[in-house]
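Observations on the model geometry
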Amino acid sequence: DSGVTQTPKHLITATGQRVTLRCSPRSGDLSVYWYQQSLDQGLQFLIQYYNGEERAKGNILERFSAQQFPDLHSELNLSSLELGDSALYFCASSVATGLNTEAFFGQGTRLTVV
Amino acid sequence: SQKIEQNSEALNIQEGKTATLTCNYTNYSPAYLQWYRQDPGRGPVFLLLIRENEKEKRKERLKVTFDTTLKQSLFHITASQPADSATYLCALDITGGYNKLIFGAGTRLAVHP
């Protein structure tokens with residue numbers, strides 16, 4: 001158990017809909033990262049938050065948005081969903097104290113758009 | 001453009017042999033490089049981290065090398081076991097300190113009894 005909790009584990013929704021994925025980082029971790037992994041694809045970096053502030057953006061679509069709340073949990077909002085958005089979405093957290101440490105990943109949310 | 005390359009083909013080896021996986025990168029100057037293991041449908045799990053001023057790092061049966069001149073890291077698993085079968089991902093920290101980890105596509109390792 002990595003200590004990172006993602007909910008829900010599975011999500012099936014229709015095209016055009018909007019969903020929210022939730023991530024609770026490990027206790028004490030200030031950084032949260034979101035990644036998308038499509039079938040047989042690598043992990044695509046979407047966005048990073050540190051202590052409530054956006055720190056880095058990757059290949060995140062304009063239809064997607066995220067935020068990190070004061071209690072450090074994070075949500076990834078996906079709207080106007082398309083079939084191609086079907087993927088595993090991972091959240092990871094790290095201490096990010098300035099000394100590089102590993103990232104701890106949650107078990108992911110499997111999103112299926114039908 | 002910036003790229004991280006790992007062997008896309010699966011690596012098949014016999015139990016007990018040493019598995020060697022390669023990670024090459026271009027147009028990055030990472031301060032750190034990390035290796036993760038991912039099992040199907042699961043989140044990646046951290047294995048090893050190596051800094052740019054380190055040539056080699058070991059942990060039990062695992063060894064990582066980091067050559068910043070060649071822009072390459074090698075990941076070795078000695079005395080491999082079927083339980084080592086998984087996809088192995090390399091990740092570069094390209095900002096240092098804020099863990100902006102960019103991942104390679106991974107190499108699938110299959111260890112046969």
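Residues numbered from 1 in each chain as written. Chains lettered and ligands numbered in written order. Predicted model: local features only at pLDDT ≥ 70, side-chain atom pairs only at ≥ 80, totals over all residues. Heavy atoms only, no water.

**Quick look at the overall build of chain A**
The line we're drawing: Numbered from the N terminus, helices here are DSSP runs of H or I no shorter than four residues, and strands are runs of E no shorter than two. In this treatment the radius of gyration is a C-alpha quantity, and the globule benchmark scales as 2.2 Å times the residue count to the 0.38 power. Per-residue accessibility, obtained with a 1.4 Å probe over protein chains only, is compared with the maximum for each type, and a residue is labelled buried under 20%, exposed over 50%, and partly exposed between these values. Should any heavy atoms of two residues lie within 4.5 Å, those residues are considered in contact. In short, Shrake-Rupley with a 1.4 Å probe defines the accessible areas, and a residue's cover is counted only from the protein chains shown. Note that His is not counted, nor are the chain ends; the positive residues are Lys and Arg, and the negative ones are Asp and Glu. All charge positions are set by atom: Lys at NZ, Arg at CZ, Asp at CG, Glu at CD.
From N to C terminus, chain A includes zero helices and 11 strands. Put simply, chain A runs from its N terminus to its C terminus through helices and strands in the order β-β-β-β-β-β-β-β-β-β-β. Here the C-alpha atoms of chain A give a radius of gyration of 13 Å, agreeing with the 13 Å that 2.2 N^0.38 yields for 114 residues. Along the first, second and third principal axes, the C-alpha atoms of chain A reach 40 × 25 × 25 Å. A burial count over chain A gives 50% of its 114 residues as buried. Expressed as a percentage of contacts within chain A between residues at least 6 apart in sequence, the contacts between residues at least 24 apart total 54%. Of the roughly 5400 Å² of accessible surface on chain A, 47% is carried by carbon and sulfur atoms. Across chain A, the centroid of the 8 positively charged side chains sits 3 Å from that of the 11 negatively charged ones.

**Re the overall build of chain B**
Along the backbone of chain B there are zero helices and 11 strands. Ordered by position from the N terminus, the helices and strands of chain B form the series β-β-β-β-β-β-β-β-β-β-β. Radius of gyration (C-alpha) of chain B: 13 Å, near the 13 Å computed for a compact globule of 113 residues. Viewed in the frame of its principal axes, chain B has a C-alpha envelope of about 40 × 30 × 20 Å. The buried share of chain B, reckoned over its 113 residues, is 48%. Taking contacts inside chain B between residues at least 6 apart in sequence as the whole, the part at least 24 apart equals 54%. Total accessible area on chain B is roughly 5600 Å²; 46% of this is exposed by carbon and sulfur atoms. Put simply, chain B has 14 plus and 11 minus side-chain charges, and the middle of one group is 1 Å from the middle of the other.

**Details of the layout of surface pockets**
Our working definition: Put simply, the grid is 1 Å and covers the protein atoms alone, a cavity is a trapped set of points that fit a 1.4 Å probe, a pocket is an open set with protein on both sides within 12 Å along at least five of seven lines, and lining residues have an atom within 4 Å of a point. Grid points are joined across faces, edges and corners, and a volume is the space filled by probe spheres set on the points. Classification used: nonpolar for Ala, Val, Leu, Ile, Met, Phe, Trp, Tyr, Cys and Pro, charged for Asp, Glu, Lys and Arg, polar for all others including Gly.
In this structure, the second largest pocket encloses a volume near 340 Å³. Around the second largest pocket sit 18 residues that line it, and D1(A), S2(A), F105(A), Q107(A) and V45(B) are the ones nearest its centre. For the lining of the second largest pocket, the elements supplying multiple residues, two or more each, are β1 (5–7) and β10 (104–105) of chain A together with β5 (45–51) of chain B. A per-class count over the lining of the second largest pocket returns seven nonpolar, seven polar and four charged.

**Here's the deal with unusual backbone geometry**
The step from T7(A) to P8(A) runs through a cis peptide bond, and the omega angle for that step is -10°. For P8(A), the location among the structural elements is in the loop between β1 and β2 (10–13). With a phi angle near 55°, K71(B) is a residue other than glycine that sits in the positive phi range. Residue position: K71(B) is located in the loop between β7 (62–67) and β8 (72–77). A positive phi angle, close to 45°, is found at A79(B), a residue other than glycine. Following the sequence through the fold, A79(B) ends up in the loop between β8 and β9 (86–93).

**Here's the deal with the sheet that holds β1(A)**
Residues and elements named next belong to chain A. The cut-off we apply is this: Criterion used throughout: strands pair if DSSP finds at least two bridges between them. An axis is simply a line fitted to the C-alpha atoms; with a helix, the fit covers only the stretch in contact. Between two such axes, the angle follows the N-to-C directions and lies from 0 to 180 degrees.
The four strands are arranged β1-β3-β8-β7 in an open sheet whose pairing can be described as antiparallel. Both outer strands of the open sheet, β1 and β7 (64–68), are each paired with one neighbouring strand and no more. Geometrically, the sheet is characterised by an average inter-axis angle of 15° between neighbouring strands, direction not taken into account. Across five bridges, the pairing between strand β3 (residues 19–24) and strand β8 (residues 74–78) is antiparallel. Within the sheet, the bridge partner assigned to T20 lies in β8 and is N77.

**Digging into the packing of aromatic side chains**
Worth spelling out the cut-off: In this analysis, rings of Phe, Tyr and Trp, with Trp reduced to its six-membered ring, are considered paired at centre separations within 6.5 Å, and the interplanar angle assigns stacked below 30 degrees, edge-to-face beyond 60, and tilted for intermediate values.
Applying the stated rule across the entire model yields 12 aromatic pairs over all chains. Ring centres 5.4 Å apart and planes at 35° place the aromatic pair F75(B) and Y88(B) in the tilted group. Here the residue F75(B) occupies a position in strand β8, and Y88(B) occupies one in strand β9, the gap between them amounting to 13 residues. Taken together, the ring pairs in this structure connect Y35(A), F45(A), F90(A), F105(A), Y36(B), F46(B) and F103(B) into an aromatic cluster.

Coordinates in, geometry out; function isn't part of it.
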